[in-house]
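# Chains, contacts and geometry: an overview
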Amino acid sequence: MRFEIPPAPAARVAALQDALGVGPVCAEVLVRRGFDDPAAAAHFLAADEHPPLEAFEGLAEAAGVLLRHARAGSRIVVHGDYDCDGVCATATRVRALRQVGAQADWFLPHRVEDGYGLHERTVRRLAAEGAGLVVTVDCGITSVDEAALATELGLDLVITDHHRPRADGVLPDVPIVHPGDGRYPYPQLCGAAVAWRLSGALLQAAGLDPRDADVDLDVVALATIADVVPLTGENRWIVRQGLRAIADSRRPGLRALLDVSQTSPSDIDATAVGFRLAPRINAAGRIGRADPGVELFLAGDETEARRLADRLDRCNLDRREVERRILQEAEAQAAAQGPQPAYVLAGEDWHPGVVGIVASRIVERFGRPAILLGTRGDELTGSARSVPGFDLLAGLDACAEHLLRHGGHRAAAGLTLRPADLPAFTTALRAYAAEHLDEDALQPVEVVDAVVGGAQLGMALADELSALGPFGEGNPEPVLLVPSGRAEGVRPLGAAGAHIAFTLSSGSSRVAAVAFGRDRIPGPDEAAAYAGGPIAGTYVLERHAFRGNVTPRLRVRELAHPAPATVDRLDGEAADAALAVLEAPDGLPAVLAAEPGAADWRTRFADRSASGAAAAIAALVGTGEAVTVVVADAVRRIGPLSQVVGGFALTDWWSVARTPRSLDGTVHLVALDPPSDPAHVAVLDVLAGVQPWRAWGDPELRFTLDALGREHDLRSGATALYRRLRRDGPTPVGALAEPDLPGWWLGLLLRVLEESGAIAVDRAERIVAVADGPVRPLDDGPTARAWTARGRERHAWLTGTLPRPVPVR
């Protein structure tokens, strides 16, 4: 898994924070999703796109036809579809017709016996049964011949649909309500939403308040979520209003559905609707007739509604059992076939209403296109699902000689063939897939919306992110990357242990987490078990309600061992840094006593310490702007740091103080460790256009104090260096820096040893050797005396116990 963090420039994030009053994480999500303009972001957050009925071309004409038949007492039949959208659209249309006094009934085709859409035999039967008007919902836009037949039979027809018209552009010659082709500002409405807009127009034509149609926003929102249309534009308005209506529903059918799905009204969001309510409506049409769903939404009696909801719940249980069995068989077939560029799997009793769901599971498991086929009479019929980078419909087109019929798009399709043609079709499709699969596109990529640390993962952030909803297609839940954490207390979850729960430890914070569909935390490689090391993970931050309590909880999306980008070193060649310190008049920048009332140097840094060091660095790298991390000891920091985060430059405070120009091009200067000398802070005055950030906390302060103690232990450092020179003889300066001596510290030790007469340095040749003359006490040299005194001042300055020194001007 590769984590991809789109750029989110810090200035744009800050502008949204100021303009909208949102926090940094919410602002980052908005910027990465294209809402970097404050006005556009405010418009998105408001979810207020809801144009008047007059903006929808064709509504008035269709409403006139419906009202004319209603007042004439004609029998009106609403022709729907067997999925959740079709069921909701049918209930919406029938309810509005009955409100204006129409004699309205419905017909839903059977998935297997009738198939999708309006068919000739249905038109003939409805005409023979005395229908005066047929109104389609969620289907009909391609029914050109059927519309002509209806006209021939004297049967009026109005088509309301949202699907794509025929490729030749020919439309049925009857009144049409369709949001596409410029007929409406929001062309991606679902079928139920189209029906609801026509309901408003019908009520308006009848002299009633068109807003009375909004009583159906509960089922329209359910259909919008279930049909996976983009939750953008007016669909955001529909779902926001509809979720409120579901939570406070007066519809007996929805109350019963909430009850059988064990969904509290307080828990209603798009996820609950999509995973608890919609599957129960869809289930009936997958394994039988879909009519109980319409009856449920139109039921006015609590007892009848509960009976229907229980029936749908049983259908869903049956569907899940059928799905489980087919998935088990399909996985076994795929495993037996071994690695393939595409999987073609077939079973005699695989239900056509379920194979599409299972095909998606096979794609998730094996990462390749999958086709599942079941026997229907003397034919094989089924569904296909694809992967990114492979045009499924093009693949089926290339194998069309082996198929009776097929259709769909790049990602999903349906097909029918003769059993005798299955081997040839399988061979042809695999050959096509092997040639056209984009291997680069097959690598899974997780697009990150924001980088966070454990301390940020609380209820405040969960509440703020919920304002970006409703979430679904086109507006997914925000994906949060925690670049380095540890999984503690890993335990199985669920009756079969198919899931796990754990506590994510990040920095000093701990947050509950759950990983659905995972039975373990990944180890360093596929075979290894997790041993408690750092993991990078993407999560959705949820408001988890349980027994009346709401707490923050992370839902795992992806887990991986950190594989960060490289870290560039800016502290320069060790030999160059050592010789620069050796030759400088004062060795390192000097300081003098602070003036009374000097400002606290900590205020020079914007604070990101709460998120933790790794998250703070990764978040700034995610801006797409140049980041330099400055530390107390680059040699000791580089190893552990580069294992969990990357994509930045690393240097130490003394290198910055000596050569500020090394930071040219830096936009964000992240102080992982605090400055330990006023000379470090003084350099901020000469860094034009650089934003200093604080990422240190107590652990980093302790590290810096330890580093300060090491820096001022001249005797230990000089003694070890002198012994090495006596052992090895004349040695290049650069070689002395290996493996753990920073260049500036090496230069300081060489300066102290040279002042004592212990060594001689050939600056031209960059060679150091033991000197032949007398050796004076190490502590007597001017550099040693000054450095020892400075150590006491630095410790007091860093800990704030004494007046702070300031740099010499």
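Since the structure is predicted, the reported quantities are computational estimates derived from the model, not experimental observations. (Residues numbered from 1 in each chain as written. Predicted model: local features only at pLDDT ≥ 70, side-chain atom pairs only at ≥ 80, totals over all residues. Heavy atoms only, no water.)

Under the definition given, this model contains one cavity of 30 Å³ or more. Taken as a whole, the largest cavity holds about 50 Å³ of empty space. In terms of lining, the largest cavity is formed by Ala 632, Trp 653, Trp 654, Pro 674, Ser 676, His 680, Thr 704, Ala 707, Leu 708, Glu 711 and Arg 794. Those elements giving two or more residues to the lining of the largest cavity turn out to be helix H23 (653-658) and helix H25 (698-711). Here the lining of the largest cavity takes four residues from H25, the largest share from any one element. (1 Å grid on protein atoms, 1.4 Å probe; cavity = no way out; pocket = protein on both sides within 12 Å on 5 of 7 lines; lining within 4 Å. Points joined across faces, edges and corners; volume = space filled by probe spheres on them. Helix = DSSP H or I, 4+ residues; strand = E, 2+ residues; numbered from the N terminus.)

Another point: the pattern of salt bridges. In this structure the tally under the stated criterion is 54 salt bridges. One salt bridge in this structure joins Arg 553 and Glu 542, with 3.0 Å as the shortest N-O distance. Taken together, the positions of Arg 553 in strand E18 (residues 549-560) and Glu 542 in strand E17 (residues 535-546) put the pair 11 residues apart, joining distant regions of the chain. Here Asp 677 ties to Arg 790 by a salt bridge, and the two come within 2.9 Å at their closest N and O atoms. Within this pair, whereas Asp 677 is found in the loop between strand E24 (668-671) and helix H24 (678-682), its partner Arg 790 is found in helix H29 (residues 782-799), the two being separated by 113 residues in sequence. Taken individually, Asp 677 and Arg 790 each receive the classification buried, so the pair is uniform in this respect. (Salt bridge = Lys/Arg side-chain N within 4 Å of Asp/Glu carboxyl O. Buried < 20%, exposed > 50% of the residue type's maximum accessible area, 1.4 Å probe, protein only.)

Glancing now at the sheet that holds strand E9 (residues 379-385). An order of E7-E8-E9-E11-E10 is seen for the five strands of this open sheet, with the pairing classed as mixed. Of all strands in the sheet, those with a lone pairing partner are strand E7 (343-347) and strand E10 (405-408), marking the two edges. The average angle at which neighbouring strand axes cross in this sheet is 15°, direction not considered. Here E9 runs beside strand E11 (residues 412-417); their pairing, made up of six bridges, is antiparallel. Residue pairing in the sheet places Leu 380 in a bridge with Leu 417 of E11. Sitting on the sheet, helix H14 (residues 302-337) is in contact with E7 and strand E8 (370-376), with an inclination near 135° to E7. On the sheet, helix H17 (residues 422-436) packs against E7, E8, E9 and E11 and is oriented at approximately 160° with respect to E7. (Pairing = 2+ DSSP bridges. Axes fitted to C-alpha atoms, helices over the stretch in contact; angles between N-to-C directions. Contact = heavy atoms within 4.5 Å.)

Another point: the domain arrangement of the chain. According to the domain assignment, the chain contains domain 1 (1-5 + 443-558), domain 2 (53-314), domain 3 (338-440) and domain 4 (567-808). Placing the centre of domain 1 and that of domain 2 at their C-alpha centroids yields a distance of 37 Å. Between domain 1 and domain 2 the total buried area reaches about 780 Å² when both faces are included, carbon and sulfur atoms providing 54% of it. Counting across the interface, domain 1 meets domain 2 through zero salt bridges. For the interface between domain 1 and domain 2, the tally reads five residue pairs in polar contact (both at pLDDT 80 or more). Of the residues assigned to the side of domain 1 that touches domain 2, the class counts are five nonpolar, four polar and two charged. (Domains from an automatic or database assignment. Buried area = accessible area lost by both parts, 1.4 Å probe. Polar contact = N/O pair within 3.5 Å; in protein donor to acceptor, adjacent residues only side chain to side chain. Nonpolar A, V, L, I, M, F, W, Y, C, P; charged D, E, K, R; others polar.)

Attention now moves to the packing of helix H5 (residues 84-99) against helix H9 (residues 217-226). The geometry of H5 relative to H9 is characterised by a closest axis approach of 8 Å and an angle of 160° between their N-to-C directions. When the axis of H5 is compared with that of H9, the two are roughly antiparallel. The element H5 and its partner H9 pack so that their crossing is left-handed. For the pair H5 and H9, contact is made by Cys 84, Asp 85, Cys 88 and Thr 92 and by Val 219, Val 220, Leu 222, Ala 223 and Ala 226, respectively. Tallied by class, the residues present in the contact of H5 with H9 amount to seven nonpolar, one polar and one charged. (Parallel < 35°, antiparallel > 145°, perpendicular 65-115°, else oblique. Left-handed = near helix turned anticlockwise from the far one by under 90°.)

What follows concerns the nonpolar core. With 79 residues, the main nonpolar core has Leu 222, Ile 281, Leu 296 and Phe 297 as its most contacted residues. At nine residues, helix H8 (residues 191-205) tops the list of elements feeding residues into this core. The contact partners of Phe 297, leaving out residues within four places of it in the chain, are Val 87, Cys 88, Ala 91, Val 219, Leu 222, Arg 251, Leu 254 and Ile 281. Within the second largest apolar cluster, 38 residues are counted, among which are Val 29, Leu 30, Ala 450 and Ile 521. (Core = buried A, V, L, I, M, F, W, Y, C linked by side-chain atoms within 4.5 Å.)

A word on the UniProt feature "domain: DHHA1" (unreviewed entry) in the chain. UniProt records the feature "domain: DHHA1" (unreviewed entry) for residues 344-434 in the present numbering. Taken end to end, residues 344-434 is 35% helix and 31% strand, and its two terminal C-alpha atoms sit 14 Å from one another. (UniProt positions renumbered as here; feature names shortened; annotations may be inferred.)

Moving on, we come to the confidence of the model for the chain. Model confidence for the chain is summarised by a mean pLDDT of 91, while 96% of its residues fall at 70 or above. Counting contacts from residues 591-598, a segment whose pLDDT is below 50, to residues more than four positions away or on other chains yields 20 contacts. Scored below 50 in pLDDT, residues 802-809 makes 30 contacts in the model with residues more than four places away or belonging to other chains. (pLDDT = per-residue confidence, 0-100.)

The next subject is the packing of helix H1 (residues 10-20) against helix H2 (residues 24-32). Between H1 and H2, the least distance of the axes is 9 Å, while the angle of their chain directions is 115°. As H1 packs across H2, the resulting crossing turns out to be right-handed. Where H1 abuts H2, its residues Arg 12, Val 13, Leu 16, Gln 17 and Leu 20 lie against Pro 24, Ala 27, Glu 28, Leu 30 and Val 31. Looking at the contact of H1 with H2, its residues break down into seven nonpolar, one polar and two charged.

Our focus in this paragraph is the pairing of strand E14 (residues 480-493). Two strands pair when backbone bridges link them, and strand E13 (residues 450-451) and E14 are joined in this way by two bridges, in the parallel orientation. Its bridge partner lying in E14, Ala 450 is registered against Leu 480. When E14 meets E17, the two strands line up antiparallel, connected through four bridges. Looking at the pairing, Val 482 lines up with Gly 537 of E17. Two elements, E14 and strand E15 (residues 499-506), share six bridges in a ladder whose sense is antiparallel. From the neighbouring strand, Glu 488 faces E15, where its bridge partner is Thr 503. Hairpin connection of E14 to E15: five residues between the antiparallel strands, including Gly 494 at a positive phi of 95°.

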